[in-house]
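This is what each chain is made of:
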Amino acid sequence: MQHPIETLETVATADEMIACQESVRQVFVDDKVSRYIVQLIQATREHYDVILGGSPRASMALLRFAQSFAAIHGFDFVLPDDVKQIAPHVLGHRLILRPESRLRKKTVAVVLDEILNTVPVPQMPAGGPSR
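Residues numbered from 1 in each chain as written. Predicted model: local features only at pLDDT ≥ 70, side-chain atom pairs only at ≥ 80, totals over all residues. Heavy atoms only, no water.

Colleague: Can you help me understand the overall build of the protein in this one?
Modeller: Scanning the protein from N- to C-terminus turns up six helices and two strands. From first element to last, N terminus to C terminus, the protein shows the α and β order α-α-β-α-α-β-α-α. For 131 residues, the compact-globule formula gives about 14 Å, and the C-alpha radius of gyration of the protein, at 18 Å, lies well above that figure. The principal-axis extents of the C-alpha atoms in the protein amount to approximately 55 × 50 × 20 Å. In the protein, buried positions account for 34% of the 131 residues. Considering only contacts in the protein between residues 6 or more positions apart, those separated by 24 or more positions represent 76%. Of the roughly 8800 Å² of accessible surface on the protein, a fraction of 58% belongs to carbon and sulfur atoms. Put simply, the protein has 14 plus and 15 minus side-chain charges, and the middle of one group is 11 Å from the middle of the other. (Helix = DSSP H or I, 4+ residues; strand = E, 2+ residues; numbered from the N terminus. Rg over C-alpha atoms; globule rule 2.2 N^0.38 Å. Buried < 20%, exposed > 50% of the residue type's maximum accessible area, 1.4 Å probe, protein only. Contact = heavy atoms within 4.5 Å. Areas by Shrake-Rupley, 256 points an atom, 1.4 Å probe, with all protein chains shown as cover. Lys, Arg positive; Asp, Glu negative; His and termini not counted. Charge placed at Lys NZ, Arg CZ, Asp CG, Glu CD.)

Colleague: Mind showing me how you'd approach a nonpolar patch on the surface here?
Modeller: Residues Ile-51, Leu-52 and Ile-96 make up a contiguous nonpolar surface patch of roughly 280 Å² in combined accessible area. For Ile-51, the location among the structural elements is in strand β1 (residues 50-52). (Patch = residues over 30% accessible without salt bridge, like charges linked within 9 Å, V, L, I, M, F, W, Y side chains within 5 Å. Salt bridge = Lys/Arg side-chain N within 4 Å of Asp/Glu carboxyl O.)

Colleague: Mind showing me how you'd approach the environment of Leu-63 here?
Modeller: Tracing the sequence through the fold places Leu-63 in helix α3 (residues 56-72). Sequence separation of Leu-63 and Met-1 is 62 residues, and the distance between their C-alpha atoms is 45 Å. Once you skip the residues sitting within four places of it in the chain, Leu-63 turns out to touch Val-29 and Ile-37.

Colleague: What is the right way to read the side chain of Thr-44 from this model?
Modeller: With respect to the helices and strands, Thr-44 occurs in helix α2 (residues 31-46). At 2.8 Å, the side chain of Thr-44 and the backbone nitrogen of Gly-54 are in polar contact. Once residues lying within four places of it in the same chain are set aside, the contact partners of Thr-44 are Val-50, Gly-53, Gly-54, Leu-95, Leu-112 and Ile-115. (Polar contact = N/O pair within 3.5 Å; in protein donor to acceptor, adjacent residues only side chain to side chain.)

Colleague: Hey, could you run me through helix α6 (residues 108-118) in this one?
Modeller: A turn of α-helix holds 3.6 residues, and therefore any two residues three or four places apart point the same way. Those residues of α6 that sit buried are Val-108, Val-111, Leu-112, Ile-115 and Leu-116. Mapping the buried residues of α6 onto a view down its axis gives an arc of 135°, with all of them on the same face. Opposite the buried face of α6, at more than 90 degrees from it, the exposed residues are Ala-109, Asn-117 and Thr-118. (Arc of directions from axis to C-beta.)

Colleague: Would you explain the environment of Met-124 in this entry?
Modeller: Mapped onto the elements, Met-124 comes out in the segment after α6. When the C-alpha positions of Met-124 and Pro-80 are compared, they lie 8.4 Å apart, and in sequence the two are 44 residues distant. Ignoring anything within four residues of it in the chain, the contact list for Met-124 reads Asp-30, Lys-32, Val-33, Leu-79 and Pro-80.

Colleague: Would you mind showing me how to read the packing of aromatic side chains here?
Modeller: Aromatic ring pairs are described here by two measures, namely the spacing of the ring centres and the angle between the planes. Tallied over the entire structure, the rule returns one aromatic pair. Ring geometry for Phe-75 against Phe-77: centres 6.2 Å apart, planes inclined by 55°, an arrangement best described as tilted. The buried category is assigned to Phe-77, whose relative accessible area is 10%. The aromatic ring of Tyr-48 is capped on one face by Arg-98, whose charged end is 5.7 Å from the ring centroid. (Phe/Tyr/Trp six-rings, centres within 6.5 Å; stacked < 30°, edge-to-face > 60°. Lys NZ or Arg CZ within 6 Å of the ring centre and 35° of its normal.)

Okay, structure coming up:
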């Protein structure tokens, strides 16, 4: 009997994957959105319950994921709400809570929710991109 992995066929070539990566990088990110990402990451480092917050790589991952999220949904720009929606998925596994916080039943999800509700969401300029 043949193992199912041996019957898998190519879905995309390496060149197609590189082209996808390059197209995602073309999705526009306003400076306000970039600063918002930096502020979120900084807030993870300063939160009382977090012993190890987001790294520079976490901020890059959040940026790229936001661009991918927008592209998948057919948009050529990232909104702050995109970042807010995906942040728990990108950052959830990257934060380490203090032991005493975990003993108080704090979770990474609760801490991220606190951060997302504390860091002000930037207002995009009137007449700018909207969906």
